[in-house]
Amino acid sequence: MNWDEIFAAATPELYLAFAGLIAVVLGAVLRERFATVSIKAGALILLGACALSLFNIEGGVAFNGLWETDRFTNLAKAVCYFCAGVALLIAEPYLVKERLIRYEYALLVIFASLGMGITLSANDLMTLYLGIETLSLSSYVLAAFNRDSQRSSEAGLKYFVLGALASGLILYGSSLVYGFSGSTNYDAIAQAEFGIGLVFGLVLLITGLAFKVSAAPLHVWTPDVYEGAPTPVVAFFASAPKLASMVVFATILFEAFGNAIDQWQDVILIISGASMLIGAFGALRQTNLKRLFAYSSIGNMGYALIALAAGEDIGGPALLVYMVIYALSQLGIFGVLLSMRRRGGMVEDISELSGLSSTMPWLAVCMTALVFSVAGIPPLGGFFGKLVVFQAGVEAGLWPIVIIGVIASVVSLGYYLRIIMIMWGGDKLAPFENMSGTVGITVSAATILAFPVFTVVIGWMMSLAGGSFSLG
Amino acid sequence: MEVIAFSILSAIVLIAAFCVIAARNPVHSVLFLILAFFTSSGLLVLIGAEFLAMLLIVVYVGAVAVLFLFVVMMLDVDFVELKQGFLNYAPFGGVVALVFFAEIALVASAMGASRPETFDASPNAETNVEAIGQVMYTDYLLLFQISGIVLLIAMIGAIVLTLRHRPGVRRQSVEEQTGRKRADAVELKDVRPGQGI
Amino acid sequence: MTLPDPLILFIVLAPGIAAAIAGLFQRFIGDRVAMLVTTITVGSAGILSLYQLFAYAFGGHHDAHHHFQHVIHLARWIDVGQFHADWAIRVDAMSIVMMAVITSVSGLVHLYSWGYMSEDPHKARFFSYLSLFTFMMLMLVTGDNLIQIFFGWEGVGLASYLLIGFWFHKDSANSASIKAFVTNRVGDFGLALGIMAAFFVFGTVELNPMLEAIKENTFEHVAPIVSFAEAATPRDASIDFLGYGVPVLELIGVLLFIGAMGKSAQFFLHVWLPDAMEGPTPVSALIHAATMVTAGVYLVCLLSPIYEYAPYASGFIALIGAVTALYAATVGMAQNDIKRVIAFSTCSQLGYMFFAAGVGAYQAAMFHLFTHAFFKALLFLGAGSVIHGMHHEQDMRRMGGVAKYMKITYAAMLIGTIAIIGLGIPHTKFGFAGFFSKDAIIETAFAAGISGVSFAQLAFWFGIIAALLTSFYSWRLIYMTFHGPMAESNHHDDAHEDDGHEDDHHAHGGKPHESPLVMLVPLILLSVGAVFAGYFFYDAFVGHHYEEFWSGAIYAAPENHVLHDKYDVAHGGINPGWVFWAPLVVTILGFLIATFTYLFNRGLGKRIADTGGPLHALFANKWYFDEIYQATFVRGTKVLGDFFWKVGDRKIIDGFGPDGLSGLAKWGASRLSAMHTGYLYHYAFVILGAAAVFGAVILINVAGAN
């Protein structure tokens, strides 16, 4: 056992695992007294993990090739941990007010993040599967965390059953791949002859992973789970795990099946096109904001998949940039949803935003900027995300999908603008209860980040991720 | 000989698995499931993986399937009602299943070329157990540890979703029981005759 | 010579800054400060640039063969590939003349407006627009590339639009401003095409390299975008335009002249100028008489190298100019609105300038532009004074006998009239400004006709007839306005309503009154110009020193020597003696007819008008141009627009575009919602189905690849 290797490659995950286990013990001893502290401690732990993964950004190989990290994955990890930490922080006021505050919440978020770290670092199908299970199991429980609410329980159960099905598909696919290539290691799979058996294993893997990133037509669980699960949990789901799953999706396709891009590209394109169109059309009639943003996230996964289909060299950096911008803006948007609280509880309907511009102008400005960013209106960050993705698509010669993407963007503007119209034009309703500090800071910070502060950041990330990219 | 045994066992596995779905009585379904587990462990024995065969019986038959049986018997699920829509969806389902099977058949036909010549169930070791033990805590330590964490999460999840502290529920408290002293439990009173307390 | 750079910068930029101050901060600084700022700025710019003109013209001789030019580069503007355009101020003879005209007249108009607009509630806005116009016009005349000229060109168009529609609550003012804007768009389209063609041919929009290439007749120092034959030179190269091989200079020349036609209200595109009189009178004086409308003339003279080698384009200019001169004069005879008479007179005088440029006498055109600015501004401001004194009455039929109430105005108007009809004694230095410039034009036209320049003969005869008509309608204006008895139907009853100017609190009685001093001072100053501008500058502009004065700013081909030919045979020219006397004779003839008709037999004119012969009807209705345009272009555009709107846009584009798409989106959304049942087994089925489909796709792919 080479500890130098392990520390170089896996410090953040080791740290997270130990911190999580210590937190379990602390929780068992301190019980309720640990509840409120646990949230802040958990956020601190996750931010520490973020710092560690940036500190060890070069990464390495460890555990006999089961584990491999590099700049690309470490960067993704850092953003994931950061998002998870922030999502944890902004959950606290909600949990307190809804009487859901328990230390297990922080534990589950930590372990889910650990799962993301494992999947991102996986260089072997077995590691990948276990990482996915670590993430998924925590997620199922989180979705059902409000166990007294029927909707939350239903969401958790649906997520669990369908997630198990998807995990089954991944397992089945992995075993086929193992059977036909003789190994579960990515590098060994890449060496193997690409026969029909490997192809079918890959199809099942893609199906399972597409479920995890909630791309169409495997998106079916997303709206129900988003609607049913507690809002801070959805804020978490929408940011970090999406980013992690998408990057993992890319890693496995690029590293293990990079030679077979001609075979899987069409499937990814179908998934991407379907996601964009379903995301655009599905959200048009939604009135529940969480459900609406579920469809929005489905559509956004479609755009990210364009970059995936463009291949490693062209699409890789674009994918990362797009997903990072997306994840950060999602935190802001769900921060706004978290602050939609009136006497008597949370409200989620789009009509509740009516007249927000006059009752809470700053919140309305933030929401407008964030929604415009997600919609891809220049000069906001989301525009640059879409731009790099479309550029990657064009560079790879995938014209049809880019055209579908543009059409879907136009259609999706329909519901984004509806939100804004209601906020700025509707009748004045009573203002929401005061936002808590962390939520306010998060929303404001996400809004600021949505502005082209990103152009600088994008260039930095691109160079870090090894892509060559210049605006314009 | 092996081929005959394999054919019989795998035929039983398939029939049993089909019966799990087809049986009207849920208890029968679980019993068929147990049959399927048994026969698959037989298949494992056939390739020399006797340790895995034992594990399958101990864990799945002994624990999981029995748990299923309890749950099925305790919950009053009307399976007949659940199956009502079956015929409506049969055509769609049939088509999808057909496509799926066709694809698997295609894959299976491609098998021939890349089939490994020899299979060693216990590489570098006398027995199955030894072979697993050699790699479990060395090469695959990481996977083993992650599995542990997955189980921990499952436990935490179960507790989060089900454990409730209801006030007013009397529980046995061992320390309280053993820590009792005579003085706490017995009180001496002078009782006057004919008056009561 | 020229002023130091900072002062030139002040002349050009200060009006823009003043406009910004007056326009943007009018709420804070108030009307009076805004008026002060703009008037003082433009006034001092006027004094400076007049000084510059005198210093340049009389301050020493310039080299006739060396192009005198001083360019101040301000900033880079556009720099895209081969396309460069800078902000620059070009100071040469052309721009010195124009700067003097613009800023001095503008300064006087600013001053005049203190009185004329005294009752208007939006004074700051008015002065801001005036200064904005001045700035834009200066940008136009100092640009050293076609793009900056275009910028100024559009800028003055904007200012003109804003000022014509200054009284925006009047429907007629609104529609007049729109008419001016739209008509100018037609011309500007030609101008834009011309600039593009120039860029296409020479690979640059900067004046110097382009004009040098033409003068030296080589493409060596420019980089054409189109590829010409190896030996092609600018003068004989041709390109395909609308399917015909057209000589490049002819093409550029005609296209640019179309732009000039729009801005300078030449025949076919003149329709907006009479309507532009809806604007306040100072605006008419500044923009629609002295400066903006002469931009076309300026452009043609500035690009003289192009027109020197584009005989057909020049012929076209001469023809259009001559026709305009005659046409506008005929219409001017039959108008009753005092401002419209002067407007048509402007149109006619612009025609003179254009045919002068068309026959090659660019210097004469510029000279007439220069003198005309003074006496036409004087006429307009005088008319404004009358209108002001008559409480916004513009119909000459309701005037009469005003002379005894407004003596100074009457004197100024007389001077202006004598100047415009060009009274003076040939072969001597005795004459008003118009005499020098207009006779120079007529003489050069005849000389060019002898030399065989196309349309020069026609231009000469049209010019002579127009001179007769000019004299007639100018005196008609004087007699109808200032002489005879006051018309009975006084103005305070009906005319007031449609006039619409906000002077309801006007408490004066019906008697006309002399205007205040701020309005009279500009009249007096302009009168000085109208009398002496020709006398002082004749030698410099078109006389013996013209080559030294222009110093290469105007180019004449070696074979073009009209300015030498215009003298009579005795003085080295080629003109017969009678040519010099013909203008004087017709002018006096026109004067006599007008005197007979409108002074001694007052009412005769009215009777002729009432009899309404076909000729009078034709003139009074401006040859029915408005009606013809209404019936063809306006109606036609409407029909076409209706077609594109109702069929093209509503049915096809909307039907398959927004409406169709939104319908599709709604339908798709409802289908998707319906598909989302919420049943777990539906979802599971979808997942497995997707896996099956993906498998099929990828397997077919693999099979196809093998």
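Residues numbered from 1 in each chain as written. Chains lettered and ligands numbered in written order. Predicted model: local features only at pLDDT ≥ 70, side-chain atom pairs only at ≥ 80, totals over all residues.

## Considerations on the overall build of chain C
Our working rule: Strands here mean DSSP runs of E at least two residues long; helices mean DSSP runs of H or I at least four residues long; both are numbered from the N terminus. We call two residues in contact if the C-beta atoms placed from their backbones are at most 7 Å apart.
Regarding its fold elements, chain C presents 28 helices and four strands. Looking at chain C alone, contacts between residues at least 24 apart form 77% of all its contacts between residues at least 6 apart.

## Considerations on the overall build of chain A
Rules: The burial label depends on the number of other C-beta atoms within 10 Å of a residue's C-beta. Counts of 20 or more mean buried, 12 or fewer mean exposed, and intermediate counts mean partly exposed, with C-beta atoms placed from the backbone.
Scanning chain A from terminus to terminus reveals 19 helices and four strands. Evaluated residue by residue, chain A yields a buried proportion of 64% over its 472 residues. For chain A, the proportion of contacts with a sequence separation of at least 24, taken over those separated by at least 6, is 80%.

## Focus: the environment of L13 of chain C
Here L13 of chain C shows up in helix 1 (residues 5-24). On the basis of neighbour count, L13 of chain C is assigned to the partly exposed category, with 17 C-beta atoms found within 10 Å.

## Focus: helix 16 (residues 381-395) of chain A
Residues and elements named next belong to chain A. So the rule is basically this: Between the first and last residue of a helix there are one fewer steps than residues, each counted as 1.5 Å, and that sum is the expected span.
The terminal C-alpha atoms of helix 16 lie 21 Å apart, and with 15 residues this matches the ideal 21 Å at 1.5 Å per residue to within 8%. All buried positions along helix 16 are accounted for by G381, G382, F384, G385, K386, V388, V389, F390, A392 and G393. Two residues or fewer past helix 16, G397 is found with a positive phi of approximately 80°.

## What about the interface of chain B and chain A?
To keep things clear, this is the line we draw: For this classification, the nonpolar set comprises Ala, Val, Leu, Ile, Met, Phe, Trp, Tyr, Cys and Pro, the charged set comprises Asp, Glu, Lys and Arg, and every other residue, Gly included, is treated as polar.
Each partner contributes to the interface: chain B provides 19 residues, whereas chain A provides 27 residues. Counting residues per element, the ones that place at least two in the side of chain B that touches chain A are helix 5 (86-110) and helix 7 (141-162) of chain B. In terms of residue count, helix 7 of chain B provides more of the side of chain B that touches chain A than any other element does, 12 residues in total. Residue classes in the side of chain B that touches chain A are distributed as 14 nonpolar, three polar and two charged.

## Details of the pairing of strand 2 (residues 83-91) of chain C
In summary, the side chains of a regular strand alternate between the two faces of the sheet. Just so we agree on the cut-off: Here, any two strands with at least 2 DSSP bridges between them count as paired.
Pairing geometry for strand 1 (residues 70-80) of chain C and strand 2 of chain C, over nine bridges, is antiparallel. Paired with H70 of chain C across the strands is V91 of chain C, a residue of strand 2 of chain C.

## A closer look at the pairing of strand 3 (residues 238-241) of chain C
Residues and elements named next belong to chain C. As paired strands, strand 3 and strand 4 (residues 244-247) are joined by four bridges and run antiparallel to one another. Within strand 4, the residue paired with F241 across the bridge is Y244. Counted along the chain from strand 3 to the antiparallel partner strand 4, the turn is two residues long, and its residue L242 has a positive phi close to 55°.

## A closer look at the interface of chain A and chain C
Often the size quoted for an interface is simply the accessible area lost on bringing the parts together. If you look at the interface, chain A gives 33 residues, while chain C gives 24 residues. Residue assignment for the side of chain A that touches chain C shows that the elements contributing at least two residues are helix 6 (150-181), helix 8 (196-212), helix 9 (221-228), helix 11 (261-282) and helix 17 (399-425) of chain A. Take the side of chain A that touches chain C: its biggest share by element is nine residues, from helix 11 of chain A.

## Observations regarding the confidence of the model for chain A
Predicted coordinates in areas of low pLDDT are best not read in detail. Residue and element names in this part refer to chain A. How we decide: The predictor rates its confidence in each residue with pLDDT, a number between 0 and 100.
Looking at chain A as a whole, its pLDDT mean stands at 88, while 95% of the residues score no less than 70. At the level of individual helices and strands, chain A shows its lowest average pLDDT in helix 19 (residues 453-464), which scores 62, and its highest in helix 5 (residues 125-143), which scores 95. Note that pLDDT drops below 50 for residues 467-472; the model gives that stretch seven contacts with residues more than four away or on any other chain.

## Digging into the nonpolar core
Rules: Each nonpolar core comprises buried Ala, Val, Leu, Ile, Met, Phe, Trp, Tyr and Cys residues, the members being joined through C-beta atoms within 7 Å.
Judged by nonpolar contacts, the single largest core of 236 residues is most densely connected at C301, A356, V359, A365, A377, L378 and A445 of chain C. Sorting elements by how many residues they give to this core places helix 15 (residues 362-389) of chain C first, with 18 residues. Among all residues touching V359 of chain C, those that are not within four sequence positions of it are A318, T444, A445, A448, V453, A456, A459 and V562 of chain C. L52, A106 and A235 of chain A together with A669 of chain C belong to the second largest nonpolar core, which has 216 residues in total.

## Regarding the packing of helix 13 (residues 311-333) of chain C against helix 18 (residues 456-482) of chain C
Residue and element names in this part refer to chain C. Rules: Here an angle of 0 to 180 degrees is reported between the N-to-C directions of two axes, which are lines fitted to C-alpha atoms, with helices fitted over the stretch in contact. Oblique is the label for every angle not falling under 35 degrees (roughly parallel), over 145 degrees (roughly antiparallel), or within 65 to 115 degrees (roughly perpendicular). What makes a crossing left-handed is the near helix being turned counterclockwise from the far one by less than a right angle; a clockwise turn instead makes it right-handed.
In the contact formed by helix 13 and helix 18, the axes pass within 9 Å of each other and the chain directions differ by 20°. For the element pair helix 13 / helix 18, the angle class is roughly parallel. Here helix 13 and helix 18 pass one another in a crossing that is left-handed. Between helix 13 and helix 18, the residues in contact are A318, G321, A322, A325, L326, A329, T330, G332 and M333 and A456, L458, A459, F462, G463, I465, A466, L469, T470, F472 and Y473, respectively. The residue makeup of the contact of helix 13 with helix 18, split by class, is 15 nonpolar, five polar and no charged.

## What about the confidence of the model for chain C?
Residue and element names in this part refer to chain C. Mean pLDDT over chain C: 85, with 95% of residues reaching 70 or higher. Mean pLDDT values over the elements of chain C span from 42, in helix 19 (residues 495-499), up to 93, in helix 11 (residues 295-302). When the criterion is pLDDT under 50, residues 489-508 qualifies, and its contacts beyond four places in sequence or with other chains add up to 25 contacts.

## Observations concerning unusual backbone geometry
Cis geometry is adopted by the peptide bond preceding P217 of chain A, which originates at A216 of chain A and carries an omega value of 0°. Its place among the elements puts P217 of chain A in the loop between helix 8 and helix 9. Unlike most non-glycine residues, R31 of chain A shows phi in positive territory, near 50°. Considering the arrangement of structural elements, one finds R31 of chain A in the loop between helix 1 (3-30) and helix 2 (34-55). The exposed category is assigned to R31 of chain A, around which 12 C-beta atoms lie within 10 Å. Despite not being glycine, A265 of chain C shows a phi value in the positive range, around 55°. Of note, A265 of chain C is situated in the loop between helix 8 (248-263) and helix 9 (272-275).

## Looking at the environment of L50 of chain C
Residue and element names in this part refer to chain C. In this structure, L50 sits in helix 2 (residues 26-58). L50 gets classed as partly exposed once you count the C-beta atoms within 10 Å, which come to 17. Along the primary structure L50 and A100 are separated by 50 residues, whereas in three dimensions their C-alpha atoms are 4.9 Å apart. Not counting residues within four places of it along the chain, the set of residues in contact with L50 comprises A100 and S104.

## What to know about the environment of T346 of chain C
Residue and element names in this part refer to chain C. Note on placement: T346 falls in helix 14 (residues 338-358). Counting along the chain gives 26 residues from T346 to H372, while the straight-line C-alpha distance between them is 8.6 Å. Not counting chain neighbours up to four residues away, the residues in contact with T346 comprise L273, H288, A289, V293 and K376.

## A look at the packing of helix 10 (residues 281-290) of chain C against helix 15 of chain C
All names here are of chain C. Put simply, helix 10 and helix 15 touch, their axes get as near as 9 Å, and they point 160° apart. Taken together, the axes of helix 10 and helix 15 lie roughly antiparallel to each other. Relative to helix 15, the crossing made by helix 10 is right-handed. Contacts between helix 10 and helix 15 pair T281, P282, S284, A285, A289 and A290 from the former with A373, K376, A377, F380, L381, A383, G384 and I387 from the latter. A breakdown of the residues in the contact of helix 10 with helix 15 according to their chemical character gives 10 nonpolar, three polar and one charged.

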